[in-house]
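The residues making up each chain are set out below.
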Amino acid sequence: MIPEIKLPFYARFAFNLLSITLIIALLYVGHEILVPIVLALLFSVLLRPVVSFLNLRLKFPHVIAVMVTVILFVLLFAGLIYFVSSQIGDIAHDMGKIKGNLTLQYHKFQYWLNQKYNVTYSDQEKYLAEATKEGLTDKGQLMGNTLSTFTDILINLVLIPFYIFLFLLYRNLFITFTSKLFIEKHHETLHDVLFQVKIAIQSFLIGLLIEMSIVSGLTTLGLMFIGVQYALLLGVITGLLNLVPYIGILVAAGLSIVGALINSTDISVVAGVIVVNIVVQLIDNNILVPMIVGSKVRINAFVSLIGIVLGGAIAGIAGMFLAIPVIAILKVIFDRIDTLEPWGFLMGDNLPKTYEWKKIRLPSFDAGNSSDTSHTVNIKYTTTPEENVKSN
């Protein structure tokens, strides 16, 4: 049996940094392949209870149960895509009116700049032309990138259902394979980790679906109240885009403002749309996320923000969406491995006790000297945040 080698702290820290660097580099290079696989894994965990219901309650064969589950999943998303696309088609018929209203608002803005800051119309046109010159120069490249992105999305939309089918079909095979990677004495811990990962993923995704539904409903009601056409479509789009942290709500607000200009050129309607989005976001961030999503995944805001930024840098919007569930999975694993437990603690949002140091003087006896000497040592003790406040 190979003896366990204990490395000093600096060596372990260096190995950890090297491992993190290699993992991030691998994710960056292979994100186009890994992102649809990770998405399919998350959805397969979410859909696992449906397969179990068809297996155990309705006595479907395993392959048929998996196939029916994937078909229902595809039909659900296809219905959502059909609804959004059909509504967007209706908006396309009003593009002439939207363009006219946007032009009118643009002329009003020009007049305001001229009156408020004495910027002539010719200067405004010159500044606008300079600002858009580079964009027009790169128009061909932009169209090429857009076409490439659209093609990648279509490929992923086809691959993800197949990945989900295979994950659900070979679930027991993957679990057995994972068990074979560890010796038998670690199987109990491994099974606990897998169970907790499953619970974390299911709870997080269900929480997101509930949050998305509530945000869509509140936005729809707010837009209907101020008289915005296609309020239902804009509310659904807002709920979907809200799944993308930070950027999604800004895009949704812009689309809502464009929708508001179909029927009216009154600037108060645009202000109303902005107010609706701000109010919904306040409700979402201060009530829905802590109550529904935050209670499912206990990750502090600092780690969440770093994960979202890092995910966006690695894989764009998909990486931003996947950042939180991936961090949640890592936290479950870290919490159950002794050497990684401090990192799991760092990811959590439980406020720790306040650590303080207190000097005390202890007696010391020198073996060669009968006289009594003393020295000071630092003793660490803890207080709760409430006790610390009282003592101050």
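Up top is the structure these notes are about.
Note that the structure is a prediction, hence the values are computed from the model and not measured. (Residues numbered from 1 in each chain as written. Predicted model: local features only at pLDDT ≥ 70, side-chain atom pairs only at ≥ 80, totals over all residues. Heavy atoms only, no water.)

Enquirer: Where do I start with a nonpolar patch on the surface in this structure?
Expert: On the surface, a cluster of nonpolar side chains totalling about 680 Å² of accessible area is made up of Phe9, Tyr10, Phe13, Leu17, Trp343 and Leu346. Sorting the residues of the nonpolar patch by element identifies helix H1 (9-56) and helix H12 (341-347) as the ones contributing at least two each. One can find phenylalanine 13 in helix H1. (Patch = residues over 30% accessible without salt bridge, like charges linked within 9 Å, V, L, I, M, F, W, Y side chains within 5 Å. Areas by Shrake-Rupley, 256 points an atom, 1.4 Å probe, with all protein chains shown as cover. Salt bridge = Lys/Arg side-chain N within 4 Å of Asp/Glu carboxyl O. Helix = DSSP H or I, 4+ residues; strand = E, 2+ residues; numbered from the N terminus.)

Enquirer: Sorry if this is basic, but what is going on with helix H3 (residues 95-117) here?
Expert: Side chains of residues three or four places apart in an α-helix project in the same direction, reflecting 3.6 residues per turn. For H3, with 23 residues, the first-to-last C-alpha span of 32 Å sits near the 33 Å given by 1.5 Å per residue. Listed as buried for H3 are Ile98, Asn101, Gln105, Gln110, Leu113 and Asn114. The first or second residue beyond H3 is asparagine 118, which carries a positive phi of 60°. (Expected span 1.5 Å × (residues − 1). Buried < 20%, exposed > 50% of the residue type's maximum accessible area, 1.4 Å probe, protein only.)

Enquirer: For this particular structure, what's the right way to read the packing of helix H2 (residues 62-92) against helix H8 (residues 231-241)?
Expert: Angle between the axes and distance between the axes are the two parameters that describe a pair of packed helices. In contact at an axis separation of 10 Å, H2 and H8 are set at 130° when each is read in the N-to-C sense. Judged by the angle between their axes, H2 and H8 are oblique. Handedness of the crossing formed by H2 with H8: left-handed. For the pair H2 and H8, the contacting residues are Leu80, Phe83, Val84, Gln87, Ile88 and Ile91 in the first and Leu232, Leu233, Val236, Ile237 and Leu240 in the second. Looking at side-chain class alone, the contact of H2 with H8 contains ten nonpolar, one polar and no charged residues. (Axes fitted to C-alpha atoms, helices over the stretch in contact; angles between N-to-C directions. Parallel < 35°, antiparallel > 145°, perpendicular 65-115°, else oblique. Left-handed = near helix turned anticlockwise from the far one by under 90°. Contact = heavy atoms within 4.5 Å. Nonpolar A, V, L, I, M, F, W, Y, C, P; charged D, E, K, R; others polar.)

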